[in-house]
Structure formats: structure tokens, C-alpha cells
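Residue-level structure breakdown
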Amino acid sequence: MLLSLTALQTALEVGAIYSLVALALFISFSILNIADLSTDGCYTLGFAVGATVTLAGHPLLALPAAMAAGACSGFVTAFLQTRLGVESILAGIIVNTGLYTVNLAVMGWSSNLSIYGSDSLFSLAKGLIAADWWNKWHELIVLAVILLIVCVLVTAFFRTRLGLSIRATGDNADMVRASSINPAFTITVGLCLANSLTGLAGCLIGQLNKSCDINLGTGMVTVALASLVIGESLMGRGSIARRVFGVVLGAVLYRL
């Protein structure tokens with residue numbers, strides 16, 4: 001066989017996590033038209049914060065904590081762009097560089113952090129159902145449920161008034177400003193949302209692998225952009241729901 005069942009399962013699990021990062025780049029790059037290069041550092045920040053909170057005995061709290069940390073990273077990136085006038089690419093590079101030190105500090109100035117022996121989201125889920133199929137597939141099912149919830153929420157959000165304002169900001173910021181909408185606010189909300197998804201992805205990969213490394217986030221921008229290209233090539237640029245599905249499909253196919 002070209003691909004064993006175990007390899008396929010692993011590819012789908014990691015592909016589901018990559019989908020969250022691809023969705024983050026979809027928000028910043030495709031919708032806001034901002035090249036956010038802080039993704040690598042934010043991904044690492046997510047699993048550093050998530051692993052630290054998990055080691056403290058709160059594996060479920062690690063998810064919102066990682067998302068909050070990612071949102072803070074997005075806020076700093078947006079602040080540099082909207083308030084200090086830094087170009088988006090340079091702002092992402094600055095934040096990504098600064099996050100290296102932040103991530104080391106979060107991890108206790110160690111380049112590696114292991115959560116072996118601690119409960120995780122997946123170990124807690126494993127005990128919910130006493131069945132062989134659940135023990136084998138529970139990780140993929142949990143990730144699929146989380147991804148489905150995120151996709152539904154993102155699709156619903158971009159149909160709200162604030163979501164439409166963010167979409168309009170990426171298309172024409174001057175028109176949005178003329179409509180009495182503050183583009184600095186919509187950019188900030190968009191980047192905070194995008195980076196919170198990146199932080200969530202980092203937390204999930206940390207709990208899945210039971211360890212994290214300071215350089216694990218290297219190259220995530222490339223992965224996410226490749227997923228966007230594959231998804232848009234296959235699904236086109238239709239409705240938000242269609243584009244979100246294309247992003248997820250592209251991430252999974254990229255991993256495969």
C-alpha cells in the first residue's frame with residue numbers, strides 16, 4: 001500500500017491541526033490582505049503556553065489560554081501596523097523575532113518542554129468511551145470536532161456586521177473609513193482572531209505529541225500558504241463557507 005492506515009490517521013490528525021493555521025492565514029492574508037509573518041512564533045507560543053498550563057494540571061484550560069496568548073500576539077502585530085505605521089511584513093517579522101524570547105521565557109528558559117505523565121485533552125477523551133474503535137480513533141475524532149466547531153464559528157462570524165466590516169477592510173480600507181468604520185479596529189480584531197487560531201493549533205500539536213520544541217513553529221507560514229493555494233485552486237473563490245472548506249481540504253491534502 002502507498003499509505004498505511006496508521007500513516008493515513010496521522011496525516012489526517014496533523015492535517016486537521018494544520019487546517020487551523022491555514023484558517024488563520026486565510027483571515028489575515030486572503031480576507032485582510034495582510035502578510036502576517038508572525039505565524040511561526042505564534043504557533044510556538046500556543047504550544048508553549050498550552051504545555052505550561054497542562055503541566056499545571058489544567059489540560060482543558062490550556063486551549064483558551066493558548067488562544068488568548070495568540071490573540072495577544074495578534075494585537076501587538078496590529079498595534080505596530082495601525083498605530084506606529086509599520087509595514088505589515090516588517091511588523092510580522094518584529095513580532096516573530098520577539099516571540100522567540102517570549103516563548104523561551106514561557107518554557108522556563110528551556111528549548112524543550114515535555115508533558116509526558118500529565119493528563120491532556122486526548123487522554124481525558126480516551127476514557128469517555130470504553131471501546132476499541134474509540135481508543136484507536138479518539139484523537140482524530142476530537143480534532144475533527146474541534147475543527148468543525150471552529151469552521152462553523154468562523155463562517156458564521158464573517159456573516160455578521162463586524163465580520164462583513166473586516167472583509168470590506170481587506171477589499172478597500174478607504175471605503176470602509178468613509179463609511180465611518182475604523183479600519184484600525186477591524187484589522188486588530190481580524191489579526192487577534194487569526195492568531196488565536198494559530199495559538200490553538202500550537203496547543204493541540206503540543207498535547208498530541210506530548211512535547212514541544214522552541215523551533216517547532218518554523219515553516220508554518222509556508223505550510224499555511226501552500227494549503228491556501230491548494231484549497232483555492234480546487235474550490236475557487238466563492239462563498240465564505242466554500243472558501244473555508246477549501247482551506248481545510250488544502251491543508252489535509254498538503255499533509256497527505
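To keep things clear, this report deals only with the structure shown in the data block. (Residues numbered from 1 in each chain as written. Predicted model: local features only at pLDDT ≥ 70, side-chain atom pairs only at ≥ 80, totals over all residues. Heavy atoms only, no water.)

Some words on the overall build of the chain
Convention followed: Secondary structure elements are defined from DSSP: runs of H or I of at least 4 residues count as helices, runs of E of at least 2 residues count as strands, and each element is numbered from the N terminus. We take the radius of gyration over the C-alpha atoms and set the globule estimate at 2.2 Å times the residue count to the 0.38 power. For every residue, the accessible area obtained with a 1.4 Å probe (protein chains only) is divided by the maximum for its type, and the residue is called buried under 20%, exposed over 50%, and partly exposed between those limits. In this analysis, two residues are considered to be in contact whenever any of their non-hydrogen atoms come within 4.5 Å of each other. Accessible areas in this description were obtained via Shrake-Rupley with a 1.4 Å probe; residue shielding takes into account the shown protein chains only. Neither His nor the chain termini are counted; the positive set is Lys and Arg, and the negative set is Asp and Glu. Every charge is mapped to an atom, namely NZ of Lys, CZ of Arg, CG of Asp or CD of Glu.
The secondary structure content of the chain amounts to 11 helices and two strands. The order of helices and strands in the chain, counted from the N terminus, is α-α-α-α-β-α-α-α-α-α-β-α-α. In summary, the chain has a C-alpha radius of gyration of 18 Å against a globular reference of 18 Å for 256 residues, a match within 12%. With respect to the principal axes defined by its C-alpha atoms, the chain has extents near 60 × 40 × 30 Å. Here the chain holds 256 residues, and the buried ones make up 51% of them. Residue pairs at least 24 apart in sequence account for 77% of intrachain contacts in the chain once pairs closer than 6 positions are excluded. With an accessible surface of roughly 11,600 Å², the chain has 65% of that area assigned to carbon and sulfur atoms. Taking the average location of the 12 positive side-chain charges in the chain and that of its 11 negative ones, the two points are 9 Å from each other.

Structural notes on the nonpolar core
A general tendency of soluble globular proteins is for nonpolar side chains to be buried together. Rule in force here: We define the nonpolar core as a collection of buried residues of types Ala, Val, Leu, Ile, Met, Phe, Trp, Tyr and Cys that are connected through side-chain atoms lying within 4.5 Å of one another.
Ranked by size, the top nonpolar core spans 73 residues in total, and within it I17, L23, F26, Y43, V150 and L204 carry the most contacts. Here this core takes 13 residues from helix α1 (residues 5–31), the largest share from any one element. With sequence-adjacent residues up to four places away left out, V150 is seen in contact with L20, L23, L197 and L200.

Things to note about the packing of helix α2 (residues 39–55) against helix α9 (residues 183–209)
Short version of the rule: Only the stretch in contact is used when fitting a helix axis, every axis being a line fitted to C-alpha atoms; angles between N-to-C directions are given from 0 to 180 degrees. Every angle not falling under 35 degrees, over 145, or within 65 to 115 is termed oblique; those three ranges are roughly parallel, roughly antiparallel and roughly perpendicular. What makes a crossing left-handed is the near helix being turned counterclockwise from the far one by less than a right angle; a clockwise turn instead makes it right-handed. Three classes are used, and their members are as follows: Ala, Val, Leu, Ile, Met, Phe, Trp, Tyr, Cys and Pro are nonpolar, Asp, Glu, Lys and Arg are charged, and the others, Gly among them, are polar.
The interhelical angle for the contact between α2 and α9, taken along N-to-C directions, is 50°, at an axis separation of 7 Å. Between α2 and α9, the angle is such that the two are oblique. The chirality of how α2 crosses α9 is right-handed. Residue-level inspection shows T39, C42, Y43, G46, F47, G50 and T54 of α2 in contact with α9, the latter providing N195, T198, G199, A201, G202, C203, I205, G206 and Q207. Here the residues of the contact of α2 with α9 sort into six nonpolar, 10 polar and no charged.

So, the environment of V106
With respect to the helices, strands and loops of the structure, V106 is situated in helix α4 (residues 88–106). Separated by 45 residues in sequence, V106 and C151 place their C-alpha atoms 29 Å apart. Those residues in contact with V106, other than ones at most four positions away along the chain, are L45, A48, V49 and T52.

Structural notes on α4
Condition: Helix span is expected to be 1.5 Å times the residue number reduced by one. The angle between axes fitted to the seven-residue stretch ending at a residue and the seven-residue stretch beginning at it gives the bend at that residue.
Look at α4: 26 Å from first C-alpha to last across 19 residues, which is about the 27 Å you get at 1.5 Å a residue. At L99, α4 shows its maximal bend, which comes to roughly 25°. If you check which residues of α4 are buried, you get S88, A91, G92, V95, L99, N103 and L104. Along its buried surface, α4 packs onto α2 and α3 (62–82). Looking one or two residues past α4, G108 carries a phi angle of roughly 75°, positive in sign.

Let's talk about the pattern of salt bridges
Going by this rule: Salt bridges are counted wherever a side-chain nitrogen of Lys or Arg sits within 4 Å of a carboxyl oxygen of Asp or Glu.
Under the defined criterion, the tally for this structure stands at two salt bridges. The partner of E232 in a salt bridge is R237, and the shortest N-O contact between them spans 3.3 Å. Taking the relative accessible area as the measure of exposure, E232 reaches 27% and is therefore partly exposed.

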